[in-house]
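Observations on the model geometry
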Amino acid sequence: MRLRALTFLALVFLSSPASAQRLPGGVAPDHYDLAFVVDLVHERFDGTETIRVTVAAPTTRIVLHALDIDFREVKIGAGATAQKATVTSDAAAQTATFTVARPIAAGKTEIHVRYGGTLNSQLRGFYISKTKVRKYAVTQFESTDARRAFPCFDEPAYKATFALTLTIDRGDIAISNGKVVSDAPGPAPTQHTMVFAPTPKMSSYLVAIAVGDFTCLDGAAEAVPIRICATPDKRDLGRIALESAQQILKFYNSYYSIKYPFGKLDVVAVPDFAAGAMENTAAIFYRETDLLADSKSAPADTRKKILAILAHEMAHQWFGDLVTMQWWDDIWLNEGFATWMANKPVDAGHRDWNVDVDEAEENQQALALDSLNATRPIHVDVETPAQIDEAFDAITYQKGAAVLRMVESFVGAETFRKGVNAYLQTHAYGNATSEDFWKALSAASGKPVERILPTFVNQPGVPLVSVSLACAGGGTSVTLRQERFFVDAGHNEAGRWQMPVCVKAPGQSQPACDMLDDASHTFTTPGTCSPWVFANAGARGYYRTAYSSELLRAMAPHVGTDLTATERLSLIDDEWALVRAGRHGAADYLTLAAGYGREHVSGVLDEVVRGLSFVHDYLTSGETRSRFEAFARTVFQAGYDEVGFTAARDDGDDRKALRATVVGAMGNLAHDADVTARARAAADRALSGGPALDSATAGVVLRLAASHGDARLFDALVASADRASDPDEHYRYLYALGAFDDPALIARGLELATTPQLRSQDAAIYLAQFFANPDARSTALSFVADHWPALEPKVKVFGGDTTLVSAMGGFCDPASRDRIKSFFAAHPLPAAARTLDQTLERIDNCIALREKQTATVGTWLANR
Ligand SMILES: [Zn+2]
């Protein structure tokens, strides 16, 4: 029980205007005719709407969602019998009630609405987006913002068909879910009117409109026309995306038993976009940096990002758009699935990209969040728009995907595919729940998926599997015990999971898999008695593993040869988590980490660097820090000598990525003056028009240069960010501004956050760079507090609030913790309420760890 968290939640709840915005039911939409006249100059629109509905029982009132809608006329009924309705709007509930004099009979009827609205600047609903030269009108409706563009039954279960007509300026185009069926001049001489084909049955949050001078690259796959669209200056940066989209469509058409069902696919890069991308049916909208890049210079990680995000959004065309969760409490059925699925086409196209390591890293993100007391189950009750928004977190995405991977690995990929396709066939154009999914999987596999999944979906937290060994009858007797794992050792709430555990022993070709469904379980692996086993083969299980020191010592010499990359990653991260939880000592972790110096897979080494960075930043100071830096040099020097600072012509993608990790480690952890000087020189050359930085290491090099940089470098970064047309390059320069250690430059960098130069979509991510920098963290907190009126509207876009609040989890002292707590008590962010609890818990964990382990680290370093 944590009174503090409960008290705080209650405060936030009271200040939130909206409690339950669910519709009363009794009336359901069948079809919407929607006509918009878009006025970019005055940033507004007019709407004419007809909704064909089915009424369950006679009534004189219909309640639907509407927000910031200026009603002009509402009529209910068809033809001569239509009657005028009075409108009562409830801004808190985000609804409008239409009341008529004579009862509406049960059965089919029509609702006619004429209304107006503003193209807002909040990046939600129907909103305005601007470049230096002109304006665009764009929609973003997920989760609950279709109601800002047209009155509607704005819940995912109310599926209907939508037919759109758009009247826009001559010279502009409109993109929507359907194909264009006609385009005619008028009604005014300066306008033209585009009519779109009706959509299949879908949820209101998937309706999409984009208006402006977008220009597109055309392609096709499997007879489906595909376009990648952007502002005219950026059209040619869509080539990687077009090639990716074609490859992904082919892959999905062969994976799914239902071929791509929506006729065409448009993908649009929008200048202002709060989320990364949005899977609107057949009209996916994007922030530019996640879709566009120069096909001549983009590094592998940019290509991978574009391919992976597109694969995610395109997976949603099936998971989300074709079959939709019944209610937002099952949003993981959309997001967990799309996250899990997206890796498949990426891996199929690029076997050398170590996608399995990315998956293991995704698991780690989920495990880290899920080990907090302030976590939540995947399936979670949500009612308000703020609660729904906050459900888009690592539990929904990464834990959802991790749990699916575990079950896929357990039943076999082909069986899993059959279950997935049975589920899609049954619920196509409809809605489904978690239960529907695990029933389909159990039926397809004949395995107890119905018992496994609920323990991971309906219950919060991470299982910890402790492993012990004994020799028995020539084989190895393995005893597994499960309990719930918390970072904060003060918590010991029980948890019981039904989980497949796969154990790998030296010399065995196949792991031995068993179900762990009791508190403990013993089984015998065949063959000779093993001195060690690895109890998460392939790192496919969603759990942490604890070995005794003795077992770890037996395993350590074999880590590099007998464990796969994903297993090495999960081993080092589990050890670090056990240190964080006070179960193992930091000394054991440092000993294990020292053995990873020659790790050749960048994703694995990244995790080692992450753990060591924490030790560097929080558990050392003064003389101990110098010792730590000398230790870091011994770990990374050989790798650095091997890959070097400068890229070679024939370097593969992973070698380039490895170089970025090693250069960062040498600069930041070993404080190598030569590496930092080389970074500064390379940055200076590139920024003054000399040879461009190698794109794989550019981000690391710029941040290293900035970490000891001066005003000349700062000015050059600002100018280059402004000049860059390639989004990747722009953000690399912009975000390096958060890495300076000079207080005057930190202040200048922060000031930029309040200027119109920094788009709302980027504000929280930009500020997060300063919170990630130990030299800037405190100043950044004061800055946010002092400039809140200017920052709040920029941060309160989708995902901005949670990004900012989680970035504050880098503090490690009681004063900052109390400051953050009291600041957000006075300035609540309702869509980041749980995130705030998690941030405060992280800070508390860090404070406790620092007290407990600083001396141990000092001793280990002195005796090394
Ligand atoms: Zn998604």
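Given the structure is predicted, the values throughout are model-derived calculations rather than measurements. In this numbering scheme, every chain counts its residues from 1 along its sequence in written order. Under the rules for a predicted model, residues below a pLDDT of 70 receive no local features and side-chain atom pairs below 80 are neither given nor counted, while totals for whole chains, interfaces and linings still include all residues. The basis for every side-chain value is the complete set of non-hydrogen atoms in the structure, without hydrogens or water.

Looking now at the sheet that holds strand S8 (residues 107-118). The pairing criterion is simple: DSSP has to find at least two bridges between the two strands. Here a strand is any run of E in DSSP of at least two residues, a helix any run of H or I of at least four, and the numbering for each starts at the N terminus. Spatially, the eight strands line up as an open sheet ordered S5-S4-S8-S2-S1-S11-S14-S13, and their pairing is mixed. The open sheet is flanked by strand S5 (83-84) and strand S13 (180-185), the only strands paired with a single partner. Two strands pair when backbone bridges link them, and strand S1 (residues 27-39) and strand S2 (residues 44-55) are joined in this way by 12 bridges, in the antiparallel orientation. Counted as the bridge partner of leucine 34 is glutamate 49 from S2.

Moving on to the coordination of the zinc ion. Keep in mind that water is not among the atoms, so a site may look incomplete; donors are the N, O and S atoms within 2.8 Å of the metal, or 3.2 Å for Na, K and Ca. Note on the zinc ion: its protein donors are His312 (NE2), His316 (NE2) and Glu335 (OE). The metal-donor distances range over 2.0 to 2.1 Å. Counting residues between consecutive donors of the zinc ion along the chain gives the motif H-x3-H-x18-E. With histidine 316 in helix H3 (residues 300-316) and glutamate 335 in helix H4 (residues 332-349), this residue pair connects regions lying 19 residues apart in the sequence. No difference in accessibility class separates histidine 316 from glutamate 335, as the two residues are buried. Each residue's exposure class comes from its accessible area (1.4 Å probe, protein chains only) as a fraction of the maximum for that residue type: buried when under 20%, exposed when over 50%, partly exposed otherwise.

All right, on to the packing of aromatic side chains then. Between 30 and 60 degrees the pair is tilted, below 30 it is stacked and above 60 it is edge-to-face, where a pair is any two Phe, Tyr or Trp rings, Trp via its six-membered ring, whose centres lie within 6.5 Å. According to the stated counting rule, one finds 49 aromatic pairs in the structure shown. Arranged with centres 5.6 Å apart and planes meeting at 85 degrees, the rings of phenylalanine 392 and phenylalanine 798 form a pair that is edge-to-face. Of this pair, phenylalanine 392 sits in the loop between helix H6 (385-390) and helix H7 (395-411) while phenylalanine 798 is found in the loop between helix H25 (788-795) and helix H26 (800-807), placing the two residues 406 residues apart along the sequence. A relative accessible area of 14% means that phenylalanine 392 is categorised as buried. If you follow lysine 447 out to its NZ or CZ, it ends over the ring of phenylalanine 410, 4.9 Å from the centre. For a ring to carry a charge above it, either NZ of a lysine or CZ of an arginine must fall within 6 Å of the ring centroid while also lying within 35 degrees of the normal to the ring plane. Above the plane of the ring of phenylalanine 614 lies arginine 580, whose end atom (NZ or CZ) is 4.3 Å from the centre.

The antiparallel open sheet is built from four strands, whose spatial order is S9-S10-S15-S12. Strands with a single pairing partner mark the edges of an open sheet, and in this sheet they are strand S9 (125-130) and strand S12 (173-176). Adjacent strand axes in the sheet meet at a mean angle of 15 degrees, parallel and antiparallel pairs treated alike. For strand S10 (residues 135-140) and strand S15 (residues 209-212), the ladder comprises two bridges, and the chain directions are antiparallel. In the sheet register, alanine 137 faces S15, and the bridge partner there is valine 211. Helix axes use the C-alpha atoms of the stretch in contact, all axes being lines fitted to C-alpha atoms, and the angles between their N-to-C directions lie in the range 0 to 180 degrees.

This part is about the layout of surface pockets. Only protein atoms enter the 1 Å grid, on which a cavity is a set of points fitting a 1.4 Å probe that cannot get out and a pocket is an open set with protein on both sides within 12 Å along at least 5 of 7 lines, lining residues being those with an atom within 4 Å of a point. Grid points are joined across faces, edges and corners, and a volume is the space filled by probe spheres set on the points. Quantified by volume, the second largest pocket comes out at close to 1100 Å³. Lining the second largest pocket are 39 residues, and of these Lys130, Thr131, Lys132, Gln757 and Arg759 sit closest to its centre. If you list the elements that add at least two residues to the lining of the second largest pocket, you get S9, helix H20 (711-723), helix H21 (727-736) and helix H23 (760-771).

With that out of the way, let us pick up the side chain of lysine 159. Along the chain, lysine 159 falls in the loop between S10 and strand S11 (161-169). The buried charged residue lysine 159 lacks any salt bridge, with aspartate 321 as its nearest oppositely charged partner at 7.8 Å. Here the side chain of lysine 159 touches leucine 322 through a polar contact of 3.1 Å, landing on its backbone oxygen. Only 2.8 Å separates the side chain of lysine 159 from the side chain of threonine 324, close enough to count as a polar contact. Here a residue-residue contact requires only that any non-hydrogen atoms of the pair lie within 4.5 Å. Once residues lying within four places of it in the same chain are set aside, the contact partners of lysine 159 are Pro29, Lys201, Met202, Ser203, Asp321, Leu322, Val323, Thr324, Tyr429, Gly430 and Asn431. The positive count covers Lys and Arg only, the negative count covers Asp and Glu only, and His and the chain ends enter neither. One side-chain nitrogen of Lys or Arg within 4 Å of one carboxyl oxygen of Asp or Glu is enough to make a salt bridge. What qualifies as a polar contact is a pair of N or O atoms within 3.5 Å, subject to a donor-acceptor requirement within protein and to the restriction that residues adjacent in sequence count only when both atoms come from side chains.

Under the criterion given, the structure shown has five cavities of 30 Å³ or more. Estimated volume of the largest cavity: approximately 70 Å³. Looking at the largest cavity, the residues that line it are Gly597, Arg598, Glu599, His600, Leu605, Phe636, Gly639, Tyr640, Glu642, Val643, Leu658 and Val662. Of all the elements, helix H16 (residues 622-643) adds the most residues to the lining of the largest cavity, at five residues.

Further remarks concern the pattern of salt bridges. All told, the structure shown has 55 salt bridges when counted by the stated rule. Notably, a salt bridge pairs lysine 108 with aspartate 30, separated by 3.4 Å at the nearest N-O pair. Of this pair, lysine 108 sits in strand S8 while aspartate 30 sits in strand S1, placing them 78 residues apart in sequence. For lysine 108, a relative accessible area of 66% puts it in the exposed group. Classification of aspartate 30 by relative accessible area gives partly exposed; the value is 29%. In this structure, the salt-bridge partner of lysine 304 is aspartate 358, at a minimum N-O distance of 2.7 Å. Of this pair, lysine 304 sits in helix H3 while aspartate 358 sits in helix H5 (residues 355-370), placing them 54 residues apart in sequence. The buried category is assigned to lysine 304, whose relative accessible area is 18%. Since its relative accessible area comes to 22%, aspartate 358 is described here as partly exposed. Linked by salt bridges that have partners in common, Asp68, Arg124, Asp145, Arg148 and Asp389 make up one network.

Once that is clear, we can look at the state of the cysteines. Sulfur atoms of two cysteines make up a disulfide when they are within 2.5 Å. As enumerated under the stated definition, the model contains four disulfides in all. Here cysteine 216 connects covalently by a disulfide to cysteine 229, the sulfurs 2.2 Å from one another. Given an S-S torsion of about 100 degrees, the disulfide between cysteine 216 and cysteine 229 has right-handed geometry. Taken as a pair, cysteine 216 in strand S16 (residues 215-221) and cysteine 229 in strand S17 (residues 224-230) lie far apart in primary sequence, 13 residues in all. Judged by its relative accessible area of 13%, cysteine 216 falls in the buried class. The disulfide partner of cysteine 471 is cysteine 529, and the S-S distance across this bridge is 1.7 Å. Measuring the twist about the S-S bond at about -80 degrees, one finds the cysteine 471-cysteine 529 disulfide to be left-handed. Highlighted residues: cysteine 471 in strand S23 (residues 462-472) and cysteine 529 in the loop between strand S27 (520-525) and strand S28 (544-546), separated in sequence by 58 residues. Cysteine pairing in the protein chain follows 1-2, 3-6, 4-5, 7-8, where each cysteine in a disulfide is numbered by its order in the sequence.

Our focus in this paragraph is helix H17 (residues 653-668). For H17, built from 16 residues, the straight-helix expectation of 22 Å at 1.5 Å per residue is met to within 8% by its first-to-last C-alpha distance of 23 Å. Taken together, the buried positions of H17 are occupied by Leu658, Arg659, Ala660, Thr661, Val662, Val663, Gly664, Ala665, Met666 and Gly667. On its buried side, H17 packs onto helix H15 (602-618), H16, helix H18 (673-687) and helix H19 (698-707). Helices are assigned an expected span. That span is 1.5 Å times one less than the residue count.

Between glutamate 142 and the following residue, serine 143, the backbone shows a cis peptide bond with an omega angle of 10 degrees. Along the chain, serine 143 falls in the loop between S10 and S11. The omega angle of the peptide bond from glycine 186 to proline 187 is 0 degrees, so this bond is cis rather than trans. Phi at glutamate 222 takes a positive value of approximately 50 degrees, unusual for a residue other than glycine. Along the chain, glutamate 222 falls in the loop between S16 and S17. On the accessibility criterion, glutamate 222 (42% relative accessible area) is partly exposed.

The score called pLDDT rates the predictor's confidence residue by residue, from a low of 0 to a high of 100. Summarising the model, the protein chain shows a mean pLDDT of 94, and 98% of its residues fall at 70 or more. Scored below 50 in pLDDT, residues 1-19 makes 24 contacts in the model with residues more than four places away or belonging to other chains.

Okay, the pairing of strand S25 (residues 499-503) next. Burial runs high along S25: five of the five residues are buried. The alternating pattern of S25 places Met499, Val501 and Val503 and Pro500 and Cys502 on opposite faces, both of which are buried. Bridge analysis of S25 against strand S26 (residues 512-516) gives five bridges, and the strand direction is antiparallel. Among the inter-strand pairings, valine 501 is bridged to a residue of S26, identified as aspartate 514.

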